[in-house]
Amino acid sequence: MADRKKVTLPILFNKVEEGVPITMLTCYDYPTAFFQEEAGIDMVLVGDSLGMTMLGFDSTLPVTMDDMIRHSQAVRRGSSNCWLIGDMPYMSYQPSVESAIRNAGRFMAEAQCDAIKLEGGAQMADRMAGIVAAGIPAMGHLGLTPQSMSALGGFRVQGRGALQAKKIVDDAKALEHAGAFAILLEMVPDRVCKLITERAETCFIISLGSGLDAHGQLLIYHDMFGLYPKFKPRMAKVYGEAGKVILEGLKQYAKEVQERQFPQPENWFSIQDEEYEELLQLLD
Ligand code: KIV
C-alpha cells in the first residue's frame, strides 16, 4: 500500500473509538511482512510461536531473545508502517522487572518494534508497569498462554468455569491498571471476552478464538494458509491452502528434473558461438 500512513497508538485508539475492528496477524519473515503491509494489516505480531511454525519445536519454550530479535528485524524490513509487536520469549521477563525492561528495550532498539507483548495476568503486572514506565508500549496476553502450557494442561479453552473466568476478568483489569495499551484474549469463551471488552477503559481487546465482540482479531499466519503441518487449531480459518500449492509445486519440480523437463532454455544462460569456439581453442 503505497500511500499507507504509519500505524500509531492514536490511530489504533481512533479505530476503537469509531468501532472499526483492528486487524492483527502473526508474521516472522521479510516476504510475509511485505504482503501483510500491502494488505494493510494494522498490527503485526512477531510471535514466539515462531518456535513451532518456523523452527519446528513442539512448544514455544526453546525460543531465545536472539531468535526473536532476528525475526523482528526481518519483519520490520518488510513492513515499515504496521504497528510491530515483539513477543517476549520464555524467561525473558519472568525472572524480574529488570530483565523485563532490558529485553523489552532490545525489541525497540535492535528491531525498531513499536511495542512488546508478554503473557500472564496480575502476577506479571509489575513487569508490565516497569516496561510501560520505561516508555515502551506493552500488550498483555490472557487465556491460553502457551508459555504456561504445562501448568494449564495443554491447548484448551480457558475460563469456561465461572471462577476461572472471574480470574481472567480480574487479570485483565490488573494489566490495564499496569498500563497495557491492549490485551490479547486467546481461547476465552466469547461472552467472557465481551464482558472484558465492555469493561476496558484505557486499553483495547484483541480476540484469538474468543469471539466477535473484541476490538480486533488476531490469527496465526501459518494457520490461515495451511502452512503448519502438525495441526490446525479449531478456531483458525483457512483463507488459502498455500501449503498444498507448495507441496504440489515441489512434487512437480522433482518429476520434471527426473524426466529432464526442467530446465528449459529460458531457465539457463548461453555463450555466443565465437566465444565458445575461442574457449575451445584456448583449452586446446
Ligand atoms: O506467539 C504467538 O504467536 C502468540 C499467539 C499465540 C497469540 O503469542
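The rules behind these values
- Residues numbered from 1 in each chain as written.
- Predicted model: local features only at pLDDT ≥ 70, side-chain atom pairs only at ≥ 80, totals over all residues.
- Heavy atoms only, no water.
- Helix = DSSP H or I, 4+ residues; strand = E, 2+ residues; numbered from the N terminus.
- Buried < 20%, exposed > 50% of the residue type's maximum accessible area, 1.4 Å probe, protein only.
- Contact = heavy atoms within 4.5 Å.
- Lys, Arg positive; Asp, Glu negative; His and termini not counted.
- Charge placed at Lys NZ, Arg CZ, Asp CG, Glu CD.
- 1 Å grid on protein atoms, 1.4 Å probe; cavity = no way out; pocket = protein on both sides within 12 Å on 5 of 7 lines; lining within 4 Å.
- Points joined across faces, edges and corners; volume = space filled by probe spheres on them.
- Phe/Tyr/Trp six-rings, centres within 6.5 Å; stacked < 30°, edge-to-face > 60°.
- Domains from an automatic or database assignment.
- Pairing = 2+ DSSP bridges.
- Axes fitted to C-alpha atoms, helices over the stretch in contact; angles between N-to-C directions.
- Salt bridge = Lys/Arg side-chain N within 4 Å of Asp/Glu carboxyl O.
- Near = heavy atom within 4 Å.
- Polar contact = N/O pair within 3.5 Å; in protein donor to acceptor, adjacent residues only side chain to side chain.
- Areas by Shrake-Rupley, 256 points an atom, 1.4 Å probe, with all protein chains shown as cover.
- Sits in = over half its atoms within 2 Å of the grid points.
- Nonpolar A, V, L, I, M, F, W, Y, C, P; charged D, E, K, R; others polar.
- Patch = residues over 30% accessible without salt bridge, like charges linked within 9 Å, V, L, I, M, F, W, Y side chains within 5 Å.

Participant: Even after reading the chapter, I still don't get the overall build of the chain, so can you show me in this structure?
Facilitator: Helix and strand counts for the chain come out as 12 helices and eight strands. With respect to the principal axes defined by its C-alpha atoms, the chain has extents near 85 × 40 × 35 Å. Here the chain, with 284 residues, has 46% of them falling under the buried criterion. In the chain, once contacts between residues fewer than 6 apart in sequence are set aside, the share between residues at least 24 apart is 58%. With 27 positive and 37 negative side-chain charges, the chain shows a separation of 11 Å between the mean positions of the two kinds.

Participant: Please explain empty space enclosed by the protein as it appears in this structure.
Facilitator: Think of a ball as big as a water molecule: rolled over the atoms, this probe shows where empty space is left. Going through the model one piece at a time under the given rule, you end up with one cavity of 30 Å³ or more. Estimates place the volume of the largest cavity at around 60 Å³. Residue lining of the largest cavity: V169, A172, K173, E176, I183, I196, R199, A200, C203 and I205, and that is the complete set. Put simply, the parts of the chain that give the lining of the largest cavity at least two residues each are α8 (162–177) and α9 (190–199).

Participant: Help me understand the packing of aromatic side chains, please; the structure alone is not making it clear to me.
Facilitator: For any two aromatic rings, the description comes down to two numbers: the centre-to-centre distance and the angle of the planes. Counted by the stated rule, this structure contains eight aromatic pairs. Plain terms: the ring middles of Y221 and F225 are 5.2 Å apart, the flat faces sit at 50° to each other, and that makes the pair tilted. When its relative accessible area of 22% is taken as the criterion, F225 is described as partly exposed. Centre to centre, the rings of Y253 and F262 are 5.9 Å apart; their planes meet at 65°, and the pair counts as edge-to-face. Through a chain of ring-to-ring contacts, three or more aromatic side chains come together here, namely F13, W83, F181 and F204.

Participant: Could you clarify how one ought to interpret the domain arrangement of the chain in this entry?
Facilitator: Where interface size is given, it is often the accessible area lost as the parts come together that is meant. The domain boundaries assigned to the chain delineate domain 1 (9–240) and domain 2 (245–283). Distance between the C-alpha centres of domain 1 and domain 2: 46 Å.

Participant: Is there a simple way to think about the sheet that holds strand β7 (residues 204–208) in this case?
Facilitator: By way of backbone hydrogen bonds, the strands of a sheet pair with one another, either parallel or antiparallel. Pairing within the closed barrel is parallel, and its eight strands lie in the order β1-β2-β3-β4-β5-β6-β7-β8. Between one strand axis and the next, the sheet turns through 25° on average, direction left out of account. Against the sheet, helix α4 (residues 65–78) touches β2 (43–46) and β3 (83–87), its axis set at about 150° to β2. Contacts between α8 and the sheet are confined to β5 (138–143) and β6 (182–186), with β5 contributing the most and set at about 170° to the helix.

Participant: What should I look at first to understand the pattern of salt bridges in this one?
Facilitator: Opposite charge on two side chains permits pairing when their charged atoms draw close. All chains considered together, the criterion is met by 17 salt bridges. We note a salt bridge from K173 to E176, for which the minimum N-O separation is 2.6 Å. Of this pair, K173 and E176 both sit in helix α8, separated by three residues, roughly a single helical turn. You can call K173 partly exposed: its relative accessible area is 24%. Note on E176: relative accessible area 5%, which makes it buried. Across the pair K255 and E259 runs a salt bridge whose closest N-O atoms are separated by 3.6 Å. A relative accessible area of 42% places K255 in the partly exposed class. If you follow the salt bridges from partner to partner, you end up with K6, R76 and D114 in one network.

Participant: Quick question: what am I supposed to make of the site of the ligand here?
Facilitator: Not every one of the 13 residues close to the ligand is listed here, only the nearest: D48, S49, D87, K117 and L184. In the environment of the ligand, an oxygen atom lies 2.8 Å from a nitrogen or oxygen atom belonging to the side chain of D48. A distance of 2.5 Å separates an oxygen atom of the ligand from a polar atom in the side chain of S49. If the ligand stood free it would expose 260 Å²; the protein chains cover 96% of that surface. When atoms are counted within 2 Å of each cavity's grid points, the one that captures over half of the ligand is the largest pocket. Among the residues making up the shell around the ligand, the classes are represented as five nonpolar, four polar and four charged.

Participant: Help me understand the side chain of T60, please; the structure alone is not making it clear to me.
Facilitator: Tracing the chain through its elements places T60 in the loop between α3 (50–53) and α4. Setting aside chain neighbours within four positions, we find T60 in contact with D48, S49, M52, P146 and Q147.

Participant: Is there a simple way to think about a negative patch on the surface in this case?
Facilitator: Where like charges cluster on the molecular surface, the negative patch consists of D273, E274, E275, E277 and E278. Mapping E274 onto the fold places it in helix α12 (residues 273–283).

Participant: Mind showing me how you'd approach a nonpolar patch on the surface here?
Facilitator: Among the surface-exposed residues, I271, Y276, L279, L280 and L283 lie close enough to one another that they form a single nonpolar patch of about 460 Å² accessible area. The residue L279 is located in helix α12 in this model. By relative accessible area, L279 is classed as partly exposed at 34%.

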